[in-house]
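Spelled out, the chains give:
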Amino acid sequence: MSVTISIQDLVKKYGDATVIPELSLEIKKGEFFTLLGPSGCGKTTLLRMIAGFNSIEGGTIKFNEKTINNVEPGKRNIGMVFQNYAIFPHLSVTGNIAFGLQNRKLAKPDIAAKVEDILKVVQIEQYKDRMPKNLSGGQQQRVALARAIVIRPDVLLMDEPLSNLDAKLRVDMRNAIKELQRDVGITTVYVTHDQEEAMAVSDRIAVMKSGVIQHLGTPQEIYQRPANLFVATFIGRTNVLEAALTSNQGTRMLRFGEGGYQEPVDGLRIPDEDENKPLLAVKVSIRPEEFVISEDGTGIQAKIVHSVFLGQMTHYFVSLESGQSVEITQESTTARPLEPNQIIHLKVKKDKINIYDARGETNYTGSGRP
Amino acid sequence: MIQARKRFDVWTNLSLIIFVFYILFLALPLFTMLFKSFYDGNTGELSLAYFTKFFSKPYYLNALWNSMKVTVCVTLLAALIATPLAYIMSTVKIKGSSAIQILILISSMSAPFIGAYSWILLLGRNGVITRFFKDTLGIAMPDIYGFTGILLVLTLQMVPLIFMYVSGALKNVDQSLMEAAESMGYKGFAKMRKVLLPLITPTLLAGGLLVFMRSLADFGTPMLIGEGYKTVPVLIFTEFISEVGGDDGFAAAISVIVVLFATAVFLLQKFVANRKSYTMSALNPIEAKKKKGIGNIAAHVVIYLYTLLALMPQLYVMYTSFQKTSGRIFVPGYSLDSYRQAFDNIGDVITNTFMLAITAIVIIILLAVLIAYVTVRRRNALTNTLDTFTMFPYIVPGSILGIALLVTFNDKPLILSGTAAIMVIAFVIRRLPYTIRSSAAILHQISGGIEEAAISLGASQMKTFFKITLPMMLAGVVSGAILSWVTIITELSTSIILYTGGTRTMTVAIYTEVVRGNYGVAAALSSILTAITVVSLLIFLRMTGKKEFTL
């Protein structure tokens with residue numbers, strides 16, 4: 001059944017343009033693995049190379065020990081769910097789901113039984129004789145899913161399967177997909193540009209940009225310890241502040257602005273050549289919830305611009321002395337939200353924030369290697 | 001809501017006027033024809049005599065059988081040839097494919113009988129190719145006259161229609177459907193049979209219907225190349241025009257039979273097509289990819305050969321138009337004599353054609369815009385009936401409409417026979433659908449809210465229509481009108497019934513010159529007609545930015 005997918009030094013070129021330069025990756029057996037990135041990052045290209053619809057210009061893809069570079073898509077034993085579902089409009093729900101089985105020379109009763117089973121699993125039994133045009137988006141999605149898994153594929157590939165659904169249905173379906181994948185245990189490669197969706201379904205996520213994996217890790221690692229500033233800004237919301245690391249009698253301090261607010265920080269991993277510099281310019285990624293409004297008048301001075309009450313949390317848009325705009329969130333209280341033009345002082349939750357080198361390429365704050 | 005408005009307004013009045021037009025010039029003639037077919041001129045009583053006559057004589061039944069044979073064979077053959085061609089063009093990158101698509105479009109828009117006459121020049125008893133094979137290679141070519149010739153000419157004429165339909169359908173097939181089939185292990189022929197073919201079946205049925213109706217109605221081709229092989233349109237024509245006292249009643253009876261047959265086929269097609277229709281829109285359409293090796297060469301050869309074959313009749317006619325003639329025979333050397341003769345002797349046919357066609361097209365544009373508007377925006381019983389009326393030209397062959405008009409307006413109170421008016425009316429009725437179709441299509445894309453906005457700002461209904469809706473519809477109207485225009489100037493089967501000395505058109509002149517064996521003049525006129533057609537189509541392509549269209 002399920003397989004391990006090993007990708008070694010994979011290269012994809014369109015003409016002279018290299019879309020994916022030497023990418024290596026191992027997707028574990030039974031894992032729900034997501035390729036996440038902005039459009040044009042190469043995630044769909046990579047998925048289609050695994051499926052066999054895109055040619056491979058270099059490197060290898062293996063299912064377990066078997067190199068599949070030159071195996072036709074139909075012989076790779078994959079199930080694929082397409083972005084627009086690719087439901088055959090001329091076949092009924094049953095016809096669509098049975099399509100892959102019919103090619104496998106199974107006896108008719110076997111096919112019927114398998115289709116019946118899968119209809120139950122994806123909960124569309126009552127629609128089995130309908131034509132696709134009479135199905136809603138969510139129902140079509142379920143047919144596409146059923147059609148892909150009924151053939152018991154080694155690998156399930158999904159290309160932005162939820163992007164055509166409305167917001168509420170998207171949440172329902174992603175839970176259904178996750179649950180189904182856990183029950184069936186198929187190695188799954190999932191492509192999306194929606195980071196919340198990726199977090200919700202994945203065991204591991206590879207964040208991609210320009211054909212290169214920026215960060216590979218669990219949803220928690222990726223959110224809390226993004227490998228670089230790109231990942232930090234792509235996943236969730238964050239504020240990037242310029243700051244400096246100073247050394248004062250062996251303690252390292254993170255200082256915002258000349259002679260401004262500073263916090264002691266430890267456990268940083270700084271490259272040797274920068275280790276002993278007295279002053280090191282850095283970029284700090286601070287998520288809105290990693291700010292604390294200080295009660296004692298110390299911290300970074302900021303002025304409230306406006307506030308948005310969203311129930312559980314209240315968002316404040318503030319402007320710092322430097323003129324930079326920053327977004328912060330605070331748990332809502334029964335008191336009135338802070339008024340515009342009010343001056344506040346901000347501190348940071350120093351265990352949560354991430355400190356990067358000046359180019360935003362290396363995270364000094366501990367783990368989180370690509 | 002505009003649709004919910006109950007009170008009579010200016011649109012209701014306009015719908016009524018158009019409705020009366022259709023009753024007078026379509027419903028009344030068809031009813032008159034139906035009546036004539038049952039009316040015995042000698043006894044003055046209703047009888048089935050004409051029908052008994054038709055079904056009791058093998059001579060007549062044979063013509064019906066011939067027509068069916070030709071029509072079915074042409075439809076099947078055209079689909080069989082056109083589908084692979086369209087598939088190749090859609091999946092393989094062919095060098096010069098845009099040019100080829102335009103050439104194929106042009107070849108489809110010429111009058112079929114010009115093809116027939118050109119093939120006679122090429123493959124006929126005295127044809128250049130026949131002579132070449134006989135004299136140089138000593139091989140006797142098969143006889144081109146009769147069934148074979150009709151089949152050859154009509155099939156070549158109809159292939160482009162299905163080709164364009166199928167190409168359009170293939171553009172709506174999403175690449176991921178093919179990939180889904182591949183991922184489940186289907187490839188090559190199995191993939192096509194199980195997925196691609198069912199997806200384009202509705203389109204094949206639609207294109208097939210069009211081809212079926214056109215081949216059934218075609219009169220010029222069997223007349224020229226059929227020789228003894230009589231089809232129904234030829235039979236109707238000879239019965240009606242017959243110099244020894246044509247028989248209106250009998251021609252009417254045959255027409256009724258043909259229309260009933262055509263209606264049956266039409267309804268059957270609708271029934272089948274409705275059960276198989278699905279809407280598709282492709283997120284990632286199938287793309288033409290660069291192929292390598294033998295497959296690439298084969299694809300190019302097939303496409304180029306076909307294009308050459310499709311264009312050959314027109315090219316050869318054009319070539320002969322520059323040949324020197326002596327009397328009616330071509331002699332070695334080149335000259336413009338044929339053109340000189342064409343302008344000298346029958347130059348007025350060109351003026352006639354333009355006068356009639358321009359008058360018709362003006363009326364067509366006016367009516368089409370109004371009909372499109374009322375049938376799309378004001379749906380009610382009246383406009384629905386109007387919508388049905390506009391479908392009639394699909395099932396009523398041109399020569400039959402001509403006869404129906406003639407037998408109806410041959411007498412008081414309204415005598416129109418022999419006038420330019422009757423020609424214009426026939427052109428309008430027959431060629432309106434193209435413009436209506438494209439105007440309605442564009443109107444569907446314009447939100448009704450825009451009109452409501454104009455009305456809410458105080459504009460009257462008429463002002464809203466002329467200042468807001470019409471300008472937005474214009475592109476669609478014009479592209480449809482160009483198709484109507486091209487099909488009017490290449491029209492033969494109605495004109496040949498309705499024309500008189502003063503209203504002779506170019507197609508009629510070409511036809512009569514061919515029949516008289518005056519090939520030089522015919523070639524010159526054909527070339528002029530082709531040139532006008534090509535220019536019109538190029539304007540069409542320029543305006544729509546499309547490389548294909550559906551009829």
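Just so you know, these numbers come straight off a predicted model, no measurement behind them. (Residues numbered from 1 in each chain as written. Chains lettered and ligands numbered in written order. Predicted model: local features only at pLDDT ≥ 70, side-chain atom pairs only at ≥ 80, totals over all residues.)

1. Let's talk about the overall build of chain B
The secondary structure content of chain B amounts to 22 helices and two strands. Taken over the C-alpha trace, chain B has a radius of gyration of 25 Å; the compact-globule value for 551 residues is 24 Å, and the two agree within 12%. Principal axes of the C-alpha set define a box for chain B whose edges measure 80 × 75 × 50 Å. Among the 551 residues that make up chain B, the fraction classed as buried is 45%. (Helix = DSSP H or I, 4+ residues; strand = E, 2+ residues; numbered from the N terminus. Rg over C-alpha atoms; globule rule 2.2 N^0.38 Å. Buried ≥ 20, exposed ≤ 12 C-beta atoms within 10 Å, placed from the backbone.)

2. Concerning the overall build of chain A
Each helix and strand in chain A was counted, giving nine helices and 20 strands. Taken over the C-alpha atoms alone, chain A extends approximately 80 × 50 × 35 Å along its principal axes. Buried residues in chain A amount to 39% of all 370 residues. Counting contacts in chain A only where the partners sit at least 6 residues apart, residues at least 24 apart contribute 66% of the total. (Contact = placed C-beta atoms within 7 Å.)

3. Details of the sheet that holds strand β20 (residues 354–357) of chain A
Residue and element names in this part refer to chain A. Here five strands make up an open sheet; going across it, the order is β13-β12-β11-β14-β20 and the pairing antiparallel. Two strands close off the open sheet at either side, each with one partner strand: β13 (262–265) and β20. Averaged over all adjacent pairs, the angle separating strand axes in this sheet is 40°, with direction ignored. (Pairing = 2+ DSSP bridges. Axes fitted to C-alpha atoms, helices over the stretch in contact; angles between N-to-C directions.)

4. Regarding the interface of chain A and chain B
On the side of chain B, 18 residues touch chain A, which itself brings 19 residues to the contact. At the level of elements, β6 (78–81) and α2 (93–102) of chain A are the ones that each hand at least two residues to the side of chain A that touches chain B. Along the lines of polarity and charge, the residues of the side of chain A that touches chain B split into 11 nonpolar, six polar and two charged. (Nonpolar A, V, L, I, M, F, W, Y, C, P; charged D, E, K, R; others polar.)

5. A look at the sheet that holds strand β3 (residues 32–36) of chain A
The strands that make up a sheet are held in pairs by hydrogen bonds between backbone atoms, and each pair lies either parallel or antiparallel. Residue and element names in this part refer to chain A. One open sheet holds the six strands; their spatial order is β6-β7-β8-β3-β9-β10, and the pairing between them is mixed. Each of the sheet's edge strands pairs with one partner strand only, and the pair in question is β6 and β10 (212–217). In this sheet, adjacent strand axes meet at a mean angle of 15° when their direction is disregarded. Pairing geometry for β6 and strand β7 (residues 155–159), over four bridges, is parallel. Across the sheet, residue G79 finds its bridge partner in β7, namely L156. Against the sheet, helix α4 (residues 137–149) touches β6 and β7, its axis set at about 170° to β6.

6. Focus on the confidence of the model for chain B
Residues and elements named next belong to chain B. Taken as a whole, chain B shows an average pLDDT of 85; of its residues, 95% reach a score of 70 or greater. Contacts of residues 1–6 to residues separated by more than four positions or lying in other chains number five contacts, the stretch itself having pLDDT below 50. Among the scores for the predicted complex, ipTM is 0.73 and pTM is 0.79. (pLDDT = per-residue confidence, 0-100.)

7. Here we look at α4 of chain A
Residues and elements named next belong to chain A. Helix length check: α4 (13 residues) gives 19 Å between terminal C-alpha atoms against 18 Å at 1.5 Å per residue, within 8%. Along α4, 10 of the 13 residues are buried, which leaves the element largely enclosed by surrounding structure. For α4, the full list of buried residues reads Q140, Q141, R142, V143, A144, L145, A146, R147, A148 and I149. Contacts made by the buried residues of α4 are with β6, α2, α3 (108–121), β7 and α5 (167–184). (Expected span 1.5 Å × (residues − 1).)

8. Here's the deal with the pairing of strand β17 (residues 313–320) of chain A
Residues and elements named next belong to chain A. Where strand β16 (residues 300–310) lies against β17, eight bridges are found, and the strand directions are antiparallel. For K303, the partnering residue across the bridge sits in β17 and is S319. Where β16 folds back on β17, the antiparallel hairpin that results is connected by two residues, among which G311 adopts a positive phi of roughly 85°. For β17 and strand β18 (residues 325–331), the ladder comprises seven bridges, and the chain directions are antiparallel. Among the inter-strand pairings, T314 is bridged to a residue of β18, identified as Q330. Hairpin connection, β17 to β18: the antiparallel pair is bridged by four residues, and G323 has positive phi, about 95°.

9. With respect to the nonpolar core
Of all hydrophobic cores here, the largest spans 248 residues; its most connected members are L157 of chain A together with I162, V166 and I403 of chain B. Looking at this core element by element, the count peaks at 15 residues for helix α7 (residues 147–171) of chain B. (Core = buried A, V, L, I, M, F, W, Y, C linked by C-beta atoms within 7 Å.)

10. Considerations on the packing of α2 of chain A against α3 of chain A
Residues and elements named next belong to chain A. Across the interface, α2 lies against α3 with an axial gap of 10 Å and an inter-helix angle of 130°. Relative to α3, the element α2 lies oblique. The two elements α2 and α3 cross, and the hand of that crossing is right-handed. Along the contact surface, α2 presents T94, I97, A98, L101 and Q102, while α3 presents I111, K114, V115 and I118. In terms of residue class, the contact of α2 with α3 is built from six nonpolar, two polar and one charged. (Parallel < 35°, antiparallel > 145°, perpendicular 65-115°, else oblique. Left-handed = near helix turned anticlockwise from the far one by under 90°.)

11. Comments concerning the pairing of strand β14 (residues 279–286) of chain A
All names here are of chain A. In this sheet, β14 lies alongside strand β11 (residues 239–248) in antiparallel orientation, the contact comprising eight bridges. Bridge pairing in β14 places L245 opposite L280. With four bridges connecting them, β14 and β20 associate as antiparallel partners. The partner of V282 across the bridge, within β20, is D357.

12. Describing the environment of F31 of chain B
Residues and elements named next belong to chain B. With respect to the helices, strands and loops of the structure, F31 is situated in helix α1 (residues 10–38). We classify F31 as partly exposed; it has 13 C-beta atoms within 10 Å. Taking the C-alpha atoms as reference points, F31 and T408, 377 residues apart in sequence, are found 9.1 Å from one another.

13. Focus on the environment of I286 of chain B
Residue and element names in this part refer to chain B. Mapped onto the elements of the fold, I286 is located in the loop between α12 (248–275) and α13 (293–321). Residue class for I286 comes out partly exposed when judged on the 18 C-beta atoms lying within 10 Å of it. In this structure, the C-alpha to C-alpha distance between I286 and K171, residues 115 residues apart in sequence, is 6.4 Å. The contacts of I286, once residues within four sequence positions are left out, are S90, T91, L170, V173, Q175 and M178.

14. Some words on the environment of K105 of chain A
Residues and elements named next belong to chain A. Tracing the backbone shows K105 in the loop between α2 and α3. According to the C-beta neighbour criterion, K105 is exposed, with 6 such atoms within 10 Å. Taking the C-alpha atoms as reference points, K105 and E196, 91 residues apart in sequence, are found 41 Å from one another.

15. Focus on unusual backbone geometry
All names here are of chain A. Its identity as a non-glycine residue notwithstanding, N64 has a phi of 55°, on the positive side. Looking at the secondary structure, you find N64 in the loop between β4 (58–63) and β5 (66–67). A count of 12 C-beta atoms within 10 Å places N64 in the exposed class. For Y85, which is not a glycine, the phi torsion comes out positive at approximately 70°. Relative to the elements of secondary structure, Y85 occurs in the loop between β6 and α2.

16. Topic: the confidence of the model for chain A
Low-confidence regions, as indicated by low pLDDT, have predicted coordinates that should not be scrutinised in detail. Model confidence for chain A is summarised by a mean pLDDT of 89, while 99% of its residues fall at 70 or above. Here helix α9 (residues 272–275) of chain A is the element of chain A with the lowest mean pLDDT, 77, and β3 of chain A is the one with the highest, 96.

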